[in-house]
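# Structural description and commentary
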Amino acid sequence: MYRLTAGGNWKILLPLSLPMLRLLWLFAVLDAVLLLDTGMLFPRESSSRELKELSGLWVFRADKSPNRNQGFERAWYKSRLAETGPVIDMPVPASYNDITQDSTLRDFIGWVWYEREVVVPARWITDEGTRVVLRVGSAHYNSVVWVNGEKVTEHAGGHLPFEAEIGSLMRKDPTRPCRITIAVNNTLTLETLPPGTIQHMNDPIKYPDGYFVQNIYFDFFNYAGIHRPVLLYTTPKVYVDDITVVTDFLDNTGFVRYQVSVKGAATATLKVTLMDKDGHCVASSNEASGVLKVVDVKLWWPYLMHENPGYLYSMEVHLMAADERSTYEDVYALPVGIRTVKVTNTQFLINNKPFYFHGVNKHEDSDIRGKGLDWPLIVKDFNLMKWLGANSFRTSHYPYAEEILQMCDRHGIVVIDECPGVGIKDIRSFGNASLAHHLDVMDELVRRDKNHPSVVMWSVANEPAAEMQPAALYFKTLITHTKALDPTRPVTFITDSNYARDKGAPYVDVICVNSYFSWYHDPGHLEVIPIQLNAQFENWYGKYQKPIIQSEYGADAVPGLHSDPPMMFTEEYQNAVLRSYHDIFDQKRKQYVIGELIWNFADFMTAQGITRVVGNKKGIFTRQRQPKAGAFILKERYWRLANETGRLPPWTKYPCSL
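What counts and what doesn't
- Residue positions are given per chain, counting from 1 as you read along its sequence in written order.
- Local features in this predicted model are restricted to residues whose pLDDT is 70 or higher, and side-chain atom pairs enter the listing and the counts only when it is 80 or higher, whereas totals over whole chains, interfaces and linings include all residues.
- Values reported for side chains reflect all heavy atoms of the structure, with hydrogen atoms and water molecules removed beforehand.
- UniProt positions are given in the numbering used here, feature names are shortened, and annotations may be inferred rather than shown by experiment.
- By the criteria applied, helices consist of DSSP H or I runs no shorter than four residues and strands consist of E runs no shorter than two, each listed in order from the N terminus.
- When we talk radius of gyration, it's over C-alpha atoms, and the globule rule is simply 2.2 Å times the number of residues to the 0.38.
- Residue contacts follow a heavy-atom distance rule, with two residues in contact if any of their heavy atoms lie within 4.5 Å.
- Working definition of accessibility: Shrake-Rupley area with a 1.4 Å probe, residue cover restricted to the visible protein chains.
- As used throughout, the charge tally considers Lys and Arg to be positive and Asp and Glu to be negative, leaving His and the chain termini uncounted.
- Taken as the charge location is NZ of Lys, CZ of Arg, CG of Asp or CD of Glu.
- Only buried residues count toward a nonpolar core, which is a set of Ala, Val, Leu, Ile, Met, Phe, Trp, Tyr and Cys residues joined through side-chain atoms within 4.5 Å.
- With a 1.4 Å probe rolled over the protein chains alone, any residue whose accessible area is under 20% of its type maximum counts as buried; one over 50% counts as exposed, and the rest are partly exposed.
- Per-residue confidence from the prediction method is given by pLDDT, with values spanning 0 to 100.
- Note on pairing: two strands pair once DSSP finds at least 2 bridges between them.

An unreviewed UniProt entry lists the chain under the name Beta-glucuronidase, with Amphiprion ocellaris as the source organism. Quoted verbatim from the Sequence similarities (unreviewed entry) heading of the UniProt record, the comment on the chain is "Belongs to the glycosyl hydrolase 2 family." As recorded by UniProt, the Catalytic activity (unreviewed entry) comment attached to the chain reads in full: "a beta-D-glucuronoside + H2O = D-glucuronate + an alcohol".

Structure below.
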């Protein structure tokens, strides 16, 4: 190899070794990452950080004034909420819709108000070197937050966290409790994600005065409220604000390229230590960025692909800094899984091995609590997925709780991480304002989830009107931006468009297709599935030469409803649909189909309508997590697919051993 020097002479360069090329690639990738101004590290206790959970009962009031704006007009945030009018108890985290017997609250659209008074440890107040941060895991969809009557932050969009530093406000009057007020509005417009419209019914013969409805373009209930934990946490004045890791390996050596962002001081001393599961140091550094080399690396593998799936190291960042007043020490530990992801035109590779998605689509949805974070439900769902032999799921149709992704990291469940871009059907939702918000949401999503080894692909939308002309520039911009945020993961969006008219497909790395042959199309005619599904795959691959995931398929089944010969809505019909799809999957997965995700894991609630009997019944489990007949068909198939890899330890060869 030769290089032209500044003096115009040619200099002979020695060939670079493979390890050196890997390191150069890691540096190039992390340098290419579009870094955001601030981090959003998951709050973790350490020797320098404390947490105070605010889950439990909050005071609640819905603003049922005609314009839904009375709370702002009368400044409800300036006094206790109970002094403004009638209030009720409301659990947090939970959707408010199914908590009471009031149907108007179940279907309420507009502002609702939450309040909680908190007493914090005295040292949080007296130590001005301590930051106190208020964090909301998610609230649907727009939120405004006050502390002791003073606005501290606002946030547009649900499903993602937001926070504000409130220590200075608490110190203004340290003798009184900290009163937190959060107003949340679930109204959807053409510029929100997901989009929607408000329709006013002005016919006095048919509707009462001021009557309006929220129109939505997605098939799940528009649950609202504070859905994930609210908490206070502390850091020192000088603190670790963000960490970004990119991983690779060569032979038995792992590489962890990292970058640590520090806030509160121009300079700080850092000690970065990577430890294995037994707490032994395997690599360390004193730099804010660099590459940690791990000898005899234990890779992060998906469930059922390796006898030791979900292996995580712990990267502990220890910060020391000082100013003229004090010294500061901060400690933060980040779980790290070392793995690679690559896509060819026919395969999806994890750690250079072909990976086949046999998994599910889900919803954050359950009785009473709606979309509220619920640990018993989360653990039950993971047990069911592992019983089923599922190795993956898609976060349809919005980002799931961070706690769920942490479970995926530990259990080796692979995730397609989807933003709330569902129901983009109106041409007005492809405008500049909508695009700007969509880009912001992807910024927040990647910032939150970039370090999860379980997350292997970003999905920027579900079933948009991708055949519309404005969609071409919209999705080109969106996908290009997402790849700049994270060059290490492929990007997709989920389509149900005609392959020839789809404007977004040229820009994605993986084609994800939803289809419901013999259900929404040719209902009741099972015989069309093989013809139409085969043509679907051949057309998409023939045009784009990219690997394909069947990202949705299925049929509604009312549990306990039977018919032979099969009829729609019976368990037998759902079984027949699954078997017909599986026959074609088995043909095409030997070529370019890289995955299949059933719609849906469990029945879920929807808006009321003539096509839905108390929700969507396409689940292979009921909403209460009891299996339908289709669950056993899927279990048998998924375990067979897993066993075909030949990489399972003996005790997982048969599902009965679970």
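Back to the write-up after that little detour.
The secondary structure content of the chain amounts to 12 helices and 34 strands. The globule rule puts the C-alpha radius of gyration for 658 residues at 26 Å, and the 26 Å found for the chain is close to it. For the chain, the C-alpha atoms occupy an extent of roughly 85 × 80 × 55 Å along the three principal directions. Across the chain, every contact between residues at least 6 apart in sequence was considered, and the portion connecting residues at least 24 apart equals 72%. By element, 54% of the accessible surface of the chain is carried by carbon and sulfur atoms, the whole surface being about 27100 Å². Distance from the positive charge centre (69 side chains) to the negative charge centre (74 side chains) of the chain: 3 Å.

Right, let's talk about the nonpolar core for a bit. Within the largest apolar cluster, 88 residues are counted, with the highest numbers of intra-cluster contacts made by F393, M442, V460 and F475. Not counting chain neighbours up to four residues away, the residues in contact with F393 comprise V360, K362, M385, Y400, I404, C408, I413, V414, V415 and I416. Within the second largest apolar cluster, 47 residues are counted, among which are L270, M305, I416 and I494.

Our next topic: the side chain of H155. As for its position among the elements, H155 is in strand β10 (residues 150–156). The exposure class assigned to H155 is buried, which follows from its relative accessible area of 11%. Ignoring sequence-local partners within four residues, the contact set of H155 consists of Y141, N142, S143, L160, P161, F162 and E444.

Averaged over every residue, the pLDDT of the chain is 93; the share at 70 or more is 92%. Across residues 1–14 the pLDDT falls below 50, and counting only partners more than four positions away or on other chains, this stretch makes 15 contacts in the model.

With that settled, the discussion passes to the pairing of strand β19 (residues 269–275). Across the 7 residues of β19, 5 count as buried, placing the element largely inside the fold. In this sheet, strand β22 (residues 313–322) lies alongside β19 in antiparallel orientation, the contact comprising 7 bridges. For T273, the partnering residue across the bridge sits in β22 and is E316. The sheet contact formed by β19 and strand β20 (residues 281–285) spans 4 bridges and is antiparallel.

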